[in-house]
Amino acid sequence: MSGRFITLEGGEGTGKTTQVRRLAAALQAHGKHCLVTREPGGSPGAEEIRALLVNGAPGRWDALTETLLLFAARADHVARTIRPALDDGRFVVCDRFTDSTYAYQGVGRDMPRETIRRIESIVLEDFKPDLTLVLDLPADVGLARARSRGAAESRFENFDIQFHERLRQAFLDIAKRAPDRCVVIDASGGEDEVADAVWDAVKRRFDIG
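First, a word on scope: everything that follows refers to the structure included in this document. As the structure is a computational prediction, the values presented were derived from the model and not from experiment. The residue count restarts for each chain, going from 1 along the sequence in the order it is written. With pLDDT at 70 or above as the cut-off, local features in this predicted model cover only qualifying residues; side-chain atom pairs require 80 or more to be listed or tallied, and sums for whole chains, interfaces and linings still use all residues. In computing side-chain properties, one takes all heavy atoms of the structure into account and sets aside hydrogens as well as water.

Turning our eyes to something else, we now look at empty space enclosed by the protein. Grid points spaced at 1 Å and placed over the protein atoms alone form the basis of the search, with a cavity being a set where a 1.4 Å probe fits but cannot get out and a pocket an open set showing protein on both sides within 12 Å along at least five of seven lines. Lining residues have an atom within 4 Å of a point. Grid points are joined across faces, edges and corners, and a volume is the space filled by probe spheres set on the points. Applying the stated criterion across every chain yields a total of 1 cavity of 30 Å³ or more. The space that makes up the largest cavity amounts to roughly 120 Å³. Elements with a contribution of two residues or more to the lining of the largest cavity: strand S4 (131-136), helix H6 (139-149) and helix H7 (161-177). By definition, any uninterrupted DSSP run of H or I lasting at least four residues is a helix, any uninterrupted run of E lasting at least two residues is a strand, and each is numbered from the N terminus. Per-element accounting of the lining of the largest cavity gives the leading share, 5 residues, to H7.

Laid out in structure tokens, this is it:
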């Protein structure tokens, strides 16, 4: 694959979707062909599974069922959307990927890390992002931002604050375990300030002038 795969991670309300859009625009302005996608979703089949995951009551699925649904969506997403774009030499910018499963279902919902790792190895083998940007924000601030949007897909926002505090720490721990792949971005500033930090990390990693 000749393209580059960038993921943005973080808890609810950290601004990932906005920064994905801003990053894609910056890449395109520098002559890079870019595909924007998201998880769960990103392909027709995966979007159907997304509807099962992001709607309904917090207890709709147990952690194992949720994890299996996510990896089913991810398998389709990678096969039909991500790999073809990378093979075509494009930058792929994705709102969430496997790190979110380790945080939400692993730490947040007590799914054993080894169970997730075994499923990941079957579905993805050694496929990982080239760069992961972890947008970090205090859980209460992010949750307030997320709830103020009034979005329809609010299932995970309805988990308690302790769940979201565990998520924040989980993403920071992931970044510590994979310092060559992950960069932590302070998401407490304004949109432009965060976008500048994201772009600085990307241009340094890929030597973009």
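Here the narrative resumes, following the displayed structure.
Below, the discussion takes up the sheet that holds S4. Strand pairing follows a simple DSSP-based rule, namely that at least 2 bridges must link the two strands. As summarised here, the arrangement of the 5 strands in space is S2-S3-S1-S4-S5, forming an open sheet in which the pairing is parallel. Both edges of this open sheet fall to strand S2 (34-38) and strand S5 (182-186), since each of them pairs with a single strand only. Direction aside, neighbouring strands of the sheet carry axes that sit 20 degrees apart on average. In the sheet, S2 pairs with strand S3 (residues 91-95) via 5 bridges, with the strands oriented parallel. Its bridge partner lying in S3, Thr37 is registered against Cys94. The axes are straight lines fitted to the C-alpha atoms, using for helices just the contacting stretch, and the angles between their N-to-C directions are given from 0 to 180°.

A few words on the nonpolar core. For our purposes a nonpolar core is just a set of buried Ala, Val, Leu, Ile, Met, Phe, Trp, Tyr and Cys residues, chained together by side-chain atoms within 4.5 Å. When accessible area is computed with a 1.4 Å probe and restricted to protein chains, residues below 20% of their type maximum are described as buried, those above 50% as exposed, and intermediate ones as partly exposed. Counting residues in hydrophobic clusters, the biggest one holds 29 residues, and the most contacted among them are Phe5, Ile82, Val92, Phe97, Ala103 and Phe127. At the level of secondary structure, the elements contributing two or more residues to this core comprise helix H3 (63-87), S3, helix H4 (98-108), helix H5 (113-124) and H7. Note on contacts: a residue pair is in contact if any heavy atoms of the two residues lie within 4.5 Å. Ignoring sequence-local partners within four residues, the contact set of Phe97 consists of Phe5, Thr7, Glu9, Glu39, Arg74, Val78, Ile82, Leu124, Phe127 and Pro129. Counting residues in each nonpolar core, the second largest holds 22 residues, with Val20, Cys34, Phe91 and Trp199 among its members.

One fewer than the residue count of a helix, multiplied by 1.5 Å, yields its expected span. For H5, with 12 residues, the first-to-last C-alpha span of 16 Å sits near the 16 Å given by 1.5 Å per residue. For H5, the set of buried residues is Ile116, Ile119, Glu120 and Leu124. Projected down its long axis, H5 shows its buried positions confined to an angular sector of 105 degrees, all on one face. Of the exposed residues in H5, the ones pointing more than 90 degrees away from its buried face are Arg118 and Ile122. Contacts made by the buried residues of H5 are with H3 and H4. By arc we mean the arc of the directions from the helix axis to the C-beta atoms, nothing more.

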